[in-house]
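Structural features, examined
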Amino acid sequence: RMLWRTTATVRTVAFTPHDGGAYVAAGTSDGLVRFGAILGANNATAAPTKIDAHRGAAVLDIAFHPRGALLATLGADGYVRCWNTEEKQLPLLWEVRVPGATRPSSSNDDDDDGDDVFGMTWHPSGACLAVPGAARVRLLHADSGAVLSAAAIGLRLGGGGGGGRQLR
């Protein structure tokens, strides 16, 4: 059964439980996020809310807050944005520019620090959103998007023969 029709490529989908059903969100290559409810056992769907989440830049990832009240989106425009799912029009609560959060393998970003972002996830308590990159993890405060931490991760890339380079 088709939930919604789109001509763009669906890049990411997420579900969260809600009132005997679930919310579903889908992010597409044209920067739009479709958000709606799947209601009860018969999987009836309410008309989706559509937002231009990343102004034409592809939506790379979406993540529901553990309590379902927030939806974070990551776009190829280099921003993480957080939306209030408790209001019908999904108002924007905050946005944070994440250096290097661009299309994978893109080198056109002037402030690119090699941190292509590959996904994000909420802490189980809902206090913060973890946004990983190639060399660091940023923790963003759930209420404001303020960067709580941007820890570098020392990982060795390369084959098992002792080669490779260390990321700091």
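Residues numbered from 1 in each chain as written. Predicted model: local features only at pLDDT ≥ 70, side-chain atom pairs only at ≥ 80, totals over all residues. Heavy atoms only, no water.

**Quick look at the pairing of strand β7 (residues 70-75)**
Summarising burial for β7: six of the six residues are buried, a large majority. Note: strand β6 (residues 59-64) against β7, five bridges, orientation antiparallel. Its bridge partner being in β7, A63 is matched across the sheet by A72. Connecting the antiparallel pair β6 and β7 is a turn made up of five residues, with G68 showing a positive phi of about 80 degrees. Here five bridges tie β7 to strand β8 (residues 79-84), and the two strands are oriented antiparallel to one another. Each bridged residue has a counterpart across the sheet, and for L71 the counterpart in β8 is W83. Here β7 hands over to β8 after three residues, with G78 in that stretch at a positive phi of 90 degrees. (Buried < 20%, exposed > 50% of the residue type's maximum accessible area, 1.4 Å probe, protein only. Helix = DSSP H or I, 4+ residues; strand = E, 2+ residues; numbered from the N terminus. Pairing = 2+ DSSP bridges.)

**Quick look at the nonpolar core**
By size, the foremost hydrophobic cluster in this structure holds 19 residues, and its most contacted members are V80, W94, M120, W122, L129, V131 and L140. Broken down by secondary-structure element, the contributors of at least two residues to this core are β6, β7, β8, β9 (92-97) and β11 (128-132). It is β7 that provides the largest number of residues to this core, a total of three residues. In this view, V80 contacts T73, L74, W94, E95, V96, V98, M120, L129, V131 and L140; residues no more than four positions away in its chain are not counted. Counting 14 residues, the second largest nonpolar core, distinct from the first, contains V33, F35, W83 and L90. (Core = buried A, V, L, I, M, F, W, Y, C linked by side-chain atoms within 4.5 Å. Contact = heavy atoms within 4.5 Å.)

**Concerning the pattern of salt bridges**
Going through the model one piece at a time under the given rule, you end up with two salt bridges. Residues D77 and R81 are paired through a salt bridge, measuring 2.7 Å at the closest nitrogen-oxygen approach. For R81, a relative accessible area of 2% puts it in the buried group. For R81, the salt bridge is made with E95, and the minimal N-O distance between the two is 2.6 Å. In this pair, R81 is assigned in strand β8 and E95 in strand β9, connecting sequence segments 14 residues apart. Classification of E95 as partly exposed rests on a relative accessible area of 37%. Several salt bridges converge on common partners, so that one network encompasses D77, R81 and E95. (Salt bridge = Lys/Arg side-chain N within 4 Å of Asp/Glu carboxyl O.)

**Observations regarding the sheet that holds strand β12 (residues 136-141)**
If you walk across this open sheet you meet the four strands as β10-β11-β12-β13, and the pairing is antiparallel. Edge strands, defined here as strands with exactly one partner in the open sheet, are β10 (121-122) and β13 (147-152). Bridging between β12 and β13 involves five bridges; their strand directions are antiparallel. Looking at the pairing, L139 lines up with S149 of β13.

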